[in-house]
Amino acid sequence: MTFYETLRHFADSWGLLAMMVMFLTLCAWPFRPGSKARNRAAANLIFKDSDDGE
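Not measured: the values here are computed from a predicted model.

What the protein chain contains, in helices and strands, is 2 helices and 0 strands. In terms of C-alpha radius of gyration, the protein chain reaches 21 Å, well past the compact-globule figure of 10 Å for 54 residues. When burial is assessed residue by residue, the protein chain has 4% of its 54 residues classed as buried. Total accessible area on the protein chain stands at roughly 5,400 Å², and carbon and sulfur atoms take up 68% of it. Computed over 6 positive and 6 negative side-chain charges, the separation of the two mean positions in the protein chain equals 12 Å.

Take a look at the structure:
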């Protein structure tokens, strides 16, 4: 087996699994229990310097 075939086999099996686990972890990260306050602060950040049109 050549080096390319070895890397291709790794990418098709364990590499794909590692990327899927990382993707699912990053998708679930904002929904963890301790992040509610930080998510709310980030959502309201665009209104920080708002003066309601005055």
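From this point, the narrative continues.
Before going further, it helps to examine the environment of A41. For A41, the position within the fold is in helix 2 (residues 36–43). What makes A41 partly exposed here is its relative accessible area of 49%. Sequence-wise, A41 and L17 are 24 residues apart; in three dimensions their C-alpha atoms are separated by 34 Å.

With that settled, the discussion passes to the environment of A28. Structurally, A28 is set in helix 1 (residues 3–28). Classification of A28 by relative accessible area gives partly exposed; the value is 43%. Here the alpha-carbon distance between A28 and F3, two residues 25 residues apart in the chain, equals 35 Å.

With that settled, consider the side chain of S35. By secondary structure assignment, the location of S35 is in the loop between helix 1 and helix 2. Among the residues examined, S35 registers a relative accessible area of 2% and is labelled buried. Polar contacts involving the side chain of S35 include one to the main-chain carbonyl oxygen of P30, which spans 2.8 Å. When neighbours within four sequence positions are excluded, S35 is seen to be in contact with W29 and P30.

Under the counting rule described, the total for this entry stands at 1 salt bridge. Ionic pairing is found between D12 and R8, a salt bridge with its closest N-O pair at 3.2 Å. A residue pair is termed a helical-turn pair when its members lie 3 or 4 positions apart in one helix, as D12 and R8 do in helix 1 at 4 residues. R8 gets classed as partly exposed once you look at its relative accessible area, which sits at 45%.

Rules used throughout
Residues numbered from 1 in each chain as written. Predicted model: local features only at pLDDT ≥ 70, side-chain atom pairs only at ≥ 80, totals over all residues. Heavy atoms only, no water. Helix = DSSP H or I, 4+ residues; strand = E, 2+ residues; numbered from the N terminus. Rg over C-alpha atoms; globule rule 2.2 N^0.38 Å. Buried < 20%, exposed > 50% of the residue type's maximum accessible area, 1.4 Å probe, protein only. Areas by Shrake-Rupley, 256 points an atom, 1.4 Å probe, with all protein chains shown as cover. Lys, Arg positive; Asp, Glu negative; His and termini not counted. Charge placed at Lys NZ, Arg CZ, Asp CG, Glu CD. Polar contact = N/O pair within 3.5 Å; in protein donor to acceptor, adjacent residues only side chain to side chain. Contact = heavy atoms within 4.5 Å. Salt bridge = Lys/Arg side-chain N within 4 Å of Asp/Glu carboxyl O.

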